[in-house]
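Each chain is listed here by its residues.
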Amino acid sequence: MQRIRLLSEKVANQIAAGEVVERPASIVKELVENAIDASATRIRVEIEAGGRSLIRVTDDGIGMGRDDALLALERHATSKIREATDLASIQSMGFRGEALPSISSISCFRLTTRERDSDDPDGTQILINGGKIIKVQSGTGATGTCIEVRNVFYNLPARRKFLRTAETERSHIHHYLHLIALAYPQIGFTYQHAGKTLWQLPPLNEEPSPDAKIRLLTQRYRALNANSNNMLRLQAEDVVEVKGTNPETEPVSEQPIRLWGLIGTPGTSRSTRSDQHLFVNQRPVENRGLNRALIEGCHTSLMKGRYPVCCLFLELDPRLVDVNVHPSKKEIKFRNEFGVRRFVSEAVRNCLLEFGRSLEPGFSTPTPSKPVRPVQSDVPRPGNSIAASDAETQPQAQTAAGTLPQSAVSGSAGAVPASASSLGIPRVTELNLPATPESAPTADAVAARTPTGIPAMVQPTPLLQVPLRLVGVIGKLYAIFESDRGMVLMEQHAAHERILFEQMMKRMESGAAPSQRLLLPETLELSARDAQFLKEQLKTLCQLGMGISEFGDQTFLLDALPPFVKVRDARQFTLEVIDQLKRSGESINTIRLGEDVITKTVCRHAVKANDSLHDQELEQLLADLRVCDMPYTCPHGRPTLIEMSYQALEKKFGRVQ
């Protein structure tokens, strides 16, 4: 008896459907991708019962003739690749040629299409039930393609019973359409559920350029997200090294890579990755390396268990990306995973640091739409500050906190009184670093860097870029400041933590970290692999103030630790530092390996909740915070400053709706 048989075409299509069609959202994804590849400028998606009873996708793309329409329903029939080598450089959304036959095999399927450049006024309509062609006839309609899918999995009850509720399935469709609408702002999208229009997004057209792309993305993002004012614009370019498949004949080459899009300001985060949108060559993707790069880039600006809010686009040569890893085409692989991860991490971190240090260059701010509340402060200001009368004339930007002035940095002078030492806490200015000219840019300097011909783009204004007047302290912890945009609360412990943390990190990075000799040196015996790794990192460990030297082939001598490290077991502490360095990555900010120790140290030495500070000390604390690289969060990611705008206060008191 013959054991091996060929599967029928129907069974093969249903097996393929199990890979391609996971749920109704998978059908929407495949059909919308085909519409995008067909050069559509407008796409309409209509669903009922969460897509289980009806999915209809209509586009104004190039359409198909009768022969092409029939051939598109065959397995592995596609216009997007011709040879196996084309899989190494995918530039279209769909390419497998499995979508239409798989979908038609598990539904009641109707395809209506009319070719754009055809002289024939009639189109083609094909009806299929469960993979069997019922009718092929002439159809009428506008140029493009309309695909109607009814009763998903009607002939596979075992698969149908695993579908979730209509609302759950609708949410998956909504999520995908949200992503694809962000990826293609130049395409208009209409989304209807049960006859009700949920959104109607017009196509956004502009001459193609890097600045135009980010402008269009900003408009589309705001149309889809109500709370979008606390997003920063990110643009970065670099090269990534790529090794050839044959090292002897193909040397290492450098390929351009670009990252652009929007990312939340420091402290803006969510408890899940639901608002973390990543695209590679305009394809919504999932990649663990990119997720880790985001966390790495947002280091010390996120609390543990929180995730950044972003909408970022990575552009690189399609030959460096493998999108054929999984039938869903969501998971991808990079040829140089580590190089891409490092580039994304550095780009994100530099964007957040730029926001913390000064205004982001390259974008102008609009003219004030209403008078700004002047700040009448009796606190003395340094020479680089702006007077209250001048602040009224500064341009404004709109953020989630309301309308705010685009003022320059204004610190507060005042020496710490001698009574600070009597509180039993270190002086706020004890490790103070001098402010640099870059930390206080003027509005004119920013305007001078704005490229001509670009319309004004709203950019969140850093809170520390506006004058703040001390009002008082509540709970011996929260200092209250007033600005011309509202009320600001500063947590003195978190703020002092950030100041001390950055001062100690800069000392370490400069190689000036002190060392303290151990009373009795310790020996470390490591495996061959760990020993080789440690030999390569001895210079970095010495920068930390750790005294480690080779004492044999796989043995090392530990005779010094940084003075701020207070541990009982110096040997175990060093082994943990080495393990942390190995986990963080050899080339990703290796100086980070001492941050945990520094964070714990500054937490112990920073001012506490019940430490009473004088007004001058609080003013100086704020001034020191202004010159920090990441002033809006403490090293643990907790906020140092919280703002409540006048508009929010008026809503609380019922003065406005």
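Residues numbered from 1 in each chain as written. Predicted model: local features only at pLDDT ≥ 70, side-chain atom pairs only at ≥ 80, totals over all residues. Heavy atoms only, no water.

1. A short note on the environment of Leu581
Point 1. Note that Leu581 resides in helix H15 (residues 570-584).
Point 2. In this structure, the C-alpha to C-alpha distance between Leu581 and Gln537, residues 44 residues apart in sequence, is 8.9 Å. (Helix = DSSP H or I, 4+ residues; strand = E, 2+ residues; numbered from the N terminus.)

2. Quick notes on the nonpolar core
Point 1. Of all hydrophobic cores here, the largest spans 57 residues; its most connected members are Val32, Ile43 and Leu177.
Point 2. Per-element accounting of this core gives the leading share, 8 residues, to helix H6 (residues 166-183).
Point 3. Ignoring anything within four residues of it in the chain, the contact list for Ile43 reads Val32, Ala35, Ile36, Val57, Thr58, Asp59, Ile187, Gly188, Phe189 and Thr190.
Point 4. In this structure, Leu278, Leu294, Val348 and Leu464 belong to the second largest nonpolar core, which totals 55 residues. (Core = buried A, V, L, I, M, F, W, Y, C linked by side-chain atoms within 4.5 Å. Buried < 20%, exposed > 50% of the residue type's maximum accessible area, 1.4 Å probe, protein only. Contact = heavy atoms within 4.5 Å.)

3. Regarding the sheet that holds strand S5 (residues 132-139)
Point 1. Read from one edge of the open sheet, 8 strands run S5-S4-S3-S6-S2-S1-S7-S8, paired in mixed fashion. In this open sheet, the two strands that pair with only one neighbour each are S5 and strand S8 (196-201). Direction aside, neighbouring strands of the sheet carry axes that sit 10° apart on average.
Point 2. For strand S2 (residues 54-59) and strand S6 (residues 144-150), the ladder comprises 6 bridges, and the chain directions are antiparallel. Residue pairing for S6: Arg56 is matched across the bridge by Glu148.
Point 3. Here helix H2 (residues 24-37) sits on the sheet in contact with strand S1 (42-48), S2, S6 and strand S7 (188-193), set at roughly 10° to S2.
Point 4. The sheet strands contacting H6 are S1, S7 and S8, and the helix crosses S7 at an angle near 170°. (Pairing = 2+ DSSP bridges. Axes fitted to C-alpha atoms, helices over the stretch in contact; angles between N-to-C directions.)

4. Some remarks on helix H7 (residues 210-224)
For the α-helix, the turn length of 3.6 residues means that residues three or four positions removed from each other point alike.
Point 1. The first and last C-alpha atoms of H7 sit 21 Å apart over 15 residues, in line with the 21 Å expected at 1.5 Å per residue.
Point 2. Looking at H7, one finds that the buried residues are Ala212, Ile214, Arg215, Leu216, Leu217, Thr218, Arg220, Tyr221 and Leu224.
Point 3. Along its buried surface, H7 packs onto H6, S7, S8, strand S9 (231-242), strand S10 (253-264) and strand S15 (310-316). (Expected span 1.5 Å × (residues − 1).)

5. What to know about the packing of H2 against H6
Point 1. H6 packs onto H2 with a crossing angle of 25° between their chain directions and a minimal axis gap of 8 Å. The orientation of H2 with respect to H6, classified from their angle, is roughly parallel. By crossing handedness, the relation of H2 to H6 is classed as right-handed. Along its contact with H2, which presents Pro24, Ala25, Val28, Lys29, Val32, Glu33 and Ile36, the element H6 presents Glu169, His172, Ile173, Tyr176, Leu177 and Ile180. (Parallel < 35°, antiparallel > 145°, perpendicular 65-115°, else oblique. Left-handed = near helix turned anticlockwise from the far one by under 90°.)

6. Here's the deal with the pattern of salt bridges
Side-chain pairs of opposite charge can arise whenever the charged atoms involved come near each other.
Point 1. One pass over the structure, following the stated rule, counts 20 salt bridges.
Point 2. Ionic pairing is found between Glu167 and Arg170, a salt bridge with its closest N-O pair at 2.7 Å. With Glu167 and Arg170 both in helix H6 and 3 residues apart, the pair spans about one turn of that helix.
Point 3. Note on Glu167: relative accessible area 47%, which makes it partly exposed.
Point 4. The residue Lys506 makes a salt bridge to Asp629 at a minimum N-O spacing of 3.8 Å. In this pair, Lys506 is assigned in helix H12 (residues 492-509) and Asp629 in the loop between helix H17 (615-626) and strand S26 (641-645), connecting sequence segments 123 residues apart.
Point 5. Classification of Lys506 by relative accessible area gives partly exposed; the value is 31%.
Point 6. Here Asp629 falls in the buried class, since its relative accessible area comes to 18%.
Point 7. Through salt bridges that share partners, Glu46, Arg56, Arg110, Glu148 and Arg150 make up one connected network. (Salt bridge = Lys/Arg side-chain N within 4 Å of Asp/Glu carboxyl O.)

7. A short note on the environment of Val239
Point 1. Topologically, Val239 is positioned in strand S9.
Point 2. For the pair formed by Val239 and Gly339, sequence separation is 100 residues and the distance between their alpha carbons is 9.0 Å.
Point 3. The residues touching Val239, leaving out its near neighbours within four places in the chain, are Glu254, Gln255, Pro256 and Ile257.

8. Re the packing of helix H8 (residues 288-297) against helix H9 (residues 337-357)
Helices that pack against each other are described as a pair by the angle of their axes relative to one another and the distance between those axes.
Point 1. Orientation of H8 relative to H9, taken along the N-to-C sense of each, is 30°, at an axis distance of 8 Å. Taken together, the axes of H8 and H9 are roughly parallel relative to one another. Pair H8 / H9 crosses with right-handed handedness. From H8, Gly289, Leu290, Arg292, Ala293, Leu294, Glu296 and Gly297 reach across to H9, where they touch Glu337, Val340, Arg341, Val344, Ser345, Val348, Arg349 and Leu352.
Point 2. Residues belonging to the contact of H8 with H9 are distributed by class as follows: 7 nonpolar, 3 polar and 5 charged. (Nonpolar A, V, L, I, M, F, W, Y, C, P; charged D, E, K, R; others polar.)

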